[in-house]
Amino acid sequence: MSVEKEYTIQSKWFGWVEKAVYRNVLMGLAWLVFLAVKWNDIFLPYFWDEMGAYASGVLYMHDHGISILPSALPASLSFGHPLMMHLVFSLFAKVFGPSVASLHVCNLLFTYVLSLGTYLLAYQLSKDRLIALISFLLFLMQPMVLALSTQILLEVFLAMNTIFALLFYMRKNYVLAIVFCVFGLLTKETGLVLAIAFLTHRVYLLLFEQDKKKVFKESILFLLPIGFFFGFLLLTKATFGWYLHPGNLGNLKPSLGSILQKTWDYPLEIAFKDQGRLVLSGICVLALVVSLIQKNKIRFKLNSDLILLGIYCFGFLAFSGIAAVLDRYFLILLPFVVVLFAKGIVYFKRFHPMLVVLGVLLAYVTGVFNLENKTRFTEVDLGYRHMIKANTQMLN
């Protein structure tokens, strides 16, 4: 199919996507459906790690003084992590109250900002409003997103800061990129991966960009996040006597066999197989196969933005392969994979635009059937509701 004919078909079926008012209405409706599904969860008691560490830490800081310094929380509540998330949630609690519902709403708001960041990142990468819109819808359909949106944990806040740091970097707004990078780094040590990815990408630009002097001057700014991280380490050492929590260091497994096994068991399976995402991965593979058979290859350009994402994802996978991991840590991968899934779905519009609609509906159905699939730890799907109910009944 010619490019002109393909454009005509897209305009006929999806021309409304180019109008902001229609996009905003659909995105608003999608978010209202999301909110309706999660409404009762706002009032649920704290569960597992949010009860034992993070919500407890926020409430402790709210009661004893709000601060970013490691001394603001005992190590039993901070687990040696930086305290940016605790600080922000404690400030929210000061304004709106420290109730369970209030803190859950706070995390829900950050989930919405993360979903919006996913939309903006998708458009930044594809320059296609339809792909961006579908990415937004697919992200809200993910059982992990639904489950974690009302749990007071580090992952939503960390993912939000990471996505916006990447987005502003791609837009060459380096000051805001550094601000969000620092916020992510001061939320969890994993944020160091993004800081290193930025520096690695600056080295790539120094090698291939013509204006090396300009690139070098800009690159100096990206040493700031590293400086903040070393400052955090020094303050932690002065407070607790160690740089990083001994319990976390004790779980490191740098052997090659462990790294390869964990890479398959966690990031690859979670991103491309679990919770119904195997179906979406299949759509992408089918799109690739059909494009090769039809000799109508999927348009793909390896630009600077994709190289940056590749550097970050490789670094994140390497870090995760060494460190101790839980399923929820890989929430950050979902914004990237839903963009890939959206690209695969939109490819089929050249055969018939209805295939795009059917692809989104199929994604919705698989999401619904996997809301409580129980193949992973309960906190990353809506099965955690039953755990709370069972614990409440036992205590009563």
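Values in this document were obtained by computation on a predicted structure and should not be read as measured data.

Basis of the calculations
Residues numbered from 1 in each chain as written. Predicted model: local features only at pLDDT ≥ 70, side-chain atom pairs only at ≥ 80, totals over all residues. Heavy atoms only, no water. Helix = DSSP H or I, 4+ residues; strand = E, 2+ residues; numbered from the N terminus. Buried < 20%, exposed > 50% of the residue type's maximum accessible area, 1.4 Å probe, protein only. pLDDT = per-residue confidence, 0-100. Salt bridge = Lys/Arg side-chain N within 4 Å of Asp/Glu carboxyl O. Core = buried A, V, L, I, M, F, W, Y, C linked by side-chain atoms within 4.5 Å. Contact = heavy atoms within 4.5 Å. Polar contact = N/O pair within 3.5 Å; in protein donor to acceptor, adjacent residues only side chain to side chain. Axes fitted to C-alpha atoms, helices over the stretch in contact; angles between N-to-C directions. Parallel < 35°, antiparallel > 145°, perpendicular 65-115°, else oblique. Left-handed = near helix turned anticlockwise from the far one by under 90°. Nonpolar A, V, L, I, M, F, W, Y, C, P; charged D, E, K, R; others polar.

Undergrad: I would appreciate a short explanation of unusual backbone geometry in the present structure.
TA: Among all residues except glycine, the phi angle is most often negative; among peptide bonds, the trans geometry is most common. Of note in the backbone geometry, phenylalanine 79 takes a positive phi value of approximately 55° without being a glycine. Mapped onto the secondary structure, phenylalanine 79 falls in the loop between helix 4 (75-78) and helix 5 (84-96). We note that lysine 172 has phi near 65°; this positive angle belongs to a residue other than glycine. Mapped onto the fold, lysine 172 is located in the loop between helix 9 (155-170) and helix 10 (174-185). Owing to a relative accessible area of 60%, lysine 172 belongs among the exposed residues under this scheme.

Undergrad: Help me understand the confidence of the model for the chain, please; the structure alone is not making it clear to me.
TA: Reading fine detail from the predicted coordinates is not recommended where pLDDT is low. For the chain, the average pLDDT comes to 89, and 93% of its residues sit at 70 or higher. Between the elements of the chain, mean pLDDT differs from a low of 66, seen in helix 1 (residues 3-14), to a high of 97, seen in helix 9.

Undergrad: Just checking my understanding: could you explain the pattern of salt bridges for this structure?
TA: Applying the stated criterion across every chain yields a total of 8 salt bridges. Arginine 385 serves as the salt-bridge partner of aspartate 41, at 2.9 Å between the closest nitrogen and oxygen. One end of the pair, aspartate 41, is in the loop between helix 2 (20-38) and helix 3 (49-64); the other, arginine 385, is in helix 20 (residues 384-395), with 344 residues separating them in the sequence. Of the residues examined, aspartate 41 reaches a relative accessible area of 3% and is grouped as buried. Note on arginine 385: relative accessible area 24%, which makes it partly exposed. In this structure, the salt-bridge partner of aspartate 274 is lysine 273, at a minimum N-O distance of 3.7 Å.

Undergrad: Honestly, the nonpolar core in this entry has me stumped. Any pointers?
TA: Soluble globular proteins tend to pack their nonpolar side chains together in the buried interior. Ranked by size, the top nonpolar core spans 118 residues in total, and within it Leu138, Phe198, Leu331 and Phe336 carry the most contacts. At 12 residues, the largest contribution of residues to this core is made by helix 9. Excluding anything up to four places from it in sequence, phenylalanine 336 contacts Leu121, Ile163, Leu166, Leu309, Tyr312 and Cys313.

Undergrad: Looking at this structure, I do not really get the environment of phenylalanine 222. What am I missing?
TA: Within the element layout of this structure, phenylalanine 222 appears in the loop between helix 12 (212-220) and helix 13 (224-240). A C-alpha to C-alpha distance of 27 Å links phenylalanine 222 and threonine 111, two positions 111 residues apart in sequence. Contacts of phenylalanine 222, omitting those with residues within four sequence positions, involve Tyr169, Tyr174, Ile178, Phe198, Leu199 and Arg202.

Undergrad: Just to check I follow, could you spell out the side chain of glutamine 142 for this structure?
TA: Inspection of the secondary structure puts glutamine 142 in the loop between helix 7 (129-141) and helix 8 (143-148). For glutamine 142, a relative accessible area of 4% translates into the label buried. A distance of 2.7 Å separates a polar side-chain atom of glutamine 142 from the backbone oxygen of leucine 138. The residues contacting glutamine 142, other than those within four sequence positions of it, are Arg277, Leu280, Leu334 and Val338.

Undergrad: What should I look at first to understand the packing of helix 9 against helix 17 (residues 304-322) in this one?
TA: Where helix 9 contacts helix 17, the axes come no closer than 10 Å and their chain directions differ by 150°. Between helix 9 and helix 17, the angle falls in the class roughly antiparallel. As helix 9 packs across helix 17, the resulting crossing turns out to be right-handed. Residue-level contacts link Thr162, Leu166, Tyr169 and Met170 of helix 9 to Asp305, Leu308, Leu309 and Tyr312 of helix 17. Among the residues forming the contact of helix 9 with helix 17, the class breakdown is 6 nonpolar, 1 polar and 1 charged.

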